[in-house]
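# Residue-level structure breakdown
Residues per chain are reported as follows:
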Amino acid sequence: MESYALLIAATLNAGTVLAIASLGLLINEKAGIVNLGAEGMMLCAALAGFATVVHTGSSWLGFLAGMGAGALLAAVFGVLVIWLNTNQYATGLALSLFGAGFSAFAGTGYVQATLPEQVRWAIPGLADIPLLGAALFRHHPMVYACMAMALGLIWFLYRTRAGLVLRSVGESPESAHALGYPVRRIRLLAVMAGGALCGLAGAYVSTVYTPLWVEGMIAGKGWIALALTTFATWRPARVLLGAYLFGGVTMLQFHLQAIGLQIPSQFLTMLPYLATVVVLVLISRNPTWIRVNMPSSIGKPFYPGS
């Protein structure tokens, strides 16, 4: 039973990375912008967060540095696609390639660096409950903050005027513009907010999830997070559930190896990506479901006055 408690704990930890990044990308797409540069932003943020913790010893400053790096790269992306009307897909891919190359180049001096000893977090009283304590109540505060972010985003999108405006910009930017809303400015703020969350996810990877820096350490998590927004049909609660599902699939490979199940390691490694493809294929069988939930102007440029 203890091994299952550890599997649940690892699932929550792995799912937190995907959930934070996916919530950021969901904000982008609710505003009508597709950012394929999540992988590159997360890599640069992972380096920024790791370097900050190495020099300051504060993981919270590392999170802020990661968010800043993600927001900065997202702002560059936003200016290009929102004001200069470059192709969103091509620009996002370019950002992803840039992030991978720049982080590899700038991070060479941190490959051998080590972080200060991590604080062991636990919720007093609850952490001592047999099995449940190890599974649910001994996580970094960011794990619980991620759950709060999902609830907060649900409230923001569906219970506030600002959330309604954001969704209207994604559904019908021309109508929002006709009502006097600054569509481009709102989209840029949404893109930067999404980039900050992707940056937070990247910094979490390098400072908490696997506290080290190596080239390409995000290892496709940005692409899985992008797929999760479609899997969740652009709903924050489903994003959270989907992230834990994919996190569980990722951690399952280690659990199966621990119990001595003889499965080729190559097959276990590809499980998360295989699950991503299978889920997207299943969802695509019902295009009406996607069309009903998908923001109408997603991926399309906006021309004021047209």
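Going by the structure above, here's the rest.
Below, the structure is looked at part by part.

## Focus: the overall build of the protein
Helix and strand content of the protein: 14 helices and 0 strands. Sequence-ordered secondary structure for the protein, helices as α and strands as β, is α-α-α-α-α-α-α-α-α-α-α-α-α-α. Relative to the compact-globule value of 19 Å for 306 residues, the protein shows a C-alpha radius of gyration of 20 Å, a close match. With the C-alpha coordinates aligned to their principal axes, the bounding extent of the protein is approximately 60 × 45 × 40 Å. Here the protein holds 306 residues, and the buried ones make up 50% of them. A sequence separation of at least 24 residues applies to 78% of the contacts in the protein between residues at least 6 apart. Across the protein, the 15 positively charged side chains and the 8 negatively charged ones have centroids separated by 15 Å.

## Description of the packing of helix α3 (residues 59–83) against helix α9 (residues 183–209)
Axis separation between α3 and α9 bottoms out at 6 Å; the angle between their running directions is 145°. Read as a crossing pair, α3 and α9 show a hand that is right-handed. Counted by class, the contact of α3 with α9 contains 17 nonpolar, 7 polar and 3 charged residues.

## Some words on the state of the cysteines
With the rule as written, the count across this model stands at 0 disulfides. Of all cysteine sulfurs, the one in Cys198 lies closest to Cys44, which takes part in no disulfide; the gap is 12 Å. Relative accessible area serves as the criterion here: at 9%, Cys44 is assigned to the buried category. Exposure remark for Cys198: the relative accessible area of 0% places this residue in the buried category.

## Topic: the packing of aromatic side chains
Under the defined criterion, the tally for this structure stands at 5 aromatic pairs. When the ring of Phe50 is compared with that of Tyr110, the centres are 6.5 Å apart and the planes differ by 90°; the resulting orientation is edge-to-face. Within this pair, whereas Phe50 is found in helix α2 (residues 38–56), its partner Tyr110 is found in the loop between α4 (88–106) and α5 (132–136), the two being separated by 60 residues in sequence. When the centroid spacing of 5.6 Å and the interplanar angle of 15° are considered together, the rings of Phe98 and Phe102 count as stacked. One end of the pair is Phe98 and the other is Phe102, both in helix α4 and 4 residues apart, which spans about a single turn. The exposure class of Phe98 is partly exposed, given its relative accessible area of 44%.

## Description of helix α13 (residues 271–284)
The end-to-end C-alpha separation of α13 is 20 Å, in line with the 20 Å expected for 14 residues at 1.5 Å each. Of the residues making up α13, those classed as buried are Leu271, Pro272, Ala275, Thr276, Val279 and Ile283. The arc that holds the buried residues of α13, viewed along the axis, is 140°, so those residues lie on one side.

## Structural notes on the environment of Ile283
Mapped onto the elements, Ile283 comes out in helix α13. We classify Ile283 as buried; its relative accessible area is 8%. Here the alpha-carbon distance between Ile283 and Gly222, two residues 61 residues apart in the chain, equals 20 Å.

## Re the packing of helix α6 (residues 141–159) against helix α7 (residues 161–171)
The relative placement of two packed helices is expressed as an angle between their axes plus a distance between the axes. At a closest axis distance of 5 Å, the pairing of α6 and α7 adopts a crossing angle of 75°. Classified by the angle between their axes, α6 and α7 sit roughly perpendicular to one another. Across the interface between the two elements, Phe156, Leu157 and Tyr158 of α6 pack against Ala162, Gly163, Leu164, Leu166 and Arg167 of α7. For the contact of α6 with α7, a count of residues per class yields 6 nonpolar, 1 polar and 1 charged.

## Quick look at the environment of Ala219
Turning to its location among the elements, Ala219 is positioned in the loop between α9 and α10 (221–231). According to the relative accessible area criterion, Ala219 is partly exposed, its value standing at 38%. With 180 residues separating them in the primary sequence, Ala219 and Glu39 have C-alpha atoms 8.3 Å apart. In this view, Ala219 contacts Glu39 and Tyr273; residues no more than four positions away in its chain are not counted.

## Focus on unusual backbone geometry
Within the chain, Asn85 stands out as a residue other than glycine whose phi angle is a positive 55°. The residue Asn85 is located in the loop between α3 and α4 in this model. Positive phi is not limited to glycine here, since Ala219 has a value of about 50°.

## So, the side chain of Ser103
Residue placement: Ser103 occurs in helix α4. Here Gly99 takes part through its backbone oxygen, which lies 2.8 Å from a polar atom of the side chain of Ser103. Ignoring sequence-local partners within four residues, the contact set of Ser103 consists of Leu43, Cys44, Leu47 and Trp213.

Reading the values: the criteria
- Residues numbered from 1 in each chain as written.
- Predicted model: local features only at pLDDT ≥ 70, side-chain atom pairs only at ≥ 80, totals over all residues.
- Heavy atoms only, no water.
- Helix = DSSP H or I, 4+ residues; strand = E, 2+ residues; numbered from the N terminus.
- Rg over C-alpha atoms; globule rule 2.2 N^0.38 Å.
- Buried < 20%, exposed > 50% of the residue type's maximum accessible area, 1.4 Å probe, protein only.
- Contact = heavy atoms within 4.5 Å.
- Lys, Arg positive; Asp, Glu negative; His and termini not counted.
- Charge placed at Lys NZ, Arg CZ, Asp CG, Glu CD.
- Axes fitted to C-alpha atoms, helices over the stretch in contact; angles between N-to-C directions.
- Left-handed = near helix turned anticlockwise from the far one by under 90°.
- Nonpolar A, V, L, I, M, F, W, Y, C, P; charged D, E, K, R; others polar.
- Disulfide = S-S within 2.5 Å.
- Phe/Tyr/Trp six-rings, centres within 6.5 Å; stacked < 30°, edge-to-face > 60°.
- Expected span 1.5 Å × (residues − 1).
- Arc of directions from axis to C-beta.
- Parallel < 35°, antiparallel > 145°, perpendicular 65-115°, else oblique.
- Polar contact = N/O pair within 3.5 Å; in protein donor to acceptor, adjacent residues only side chain to side chain.

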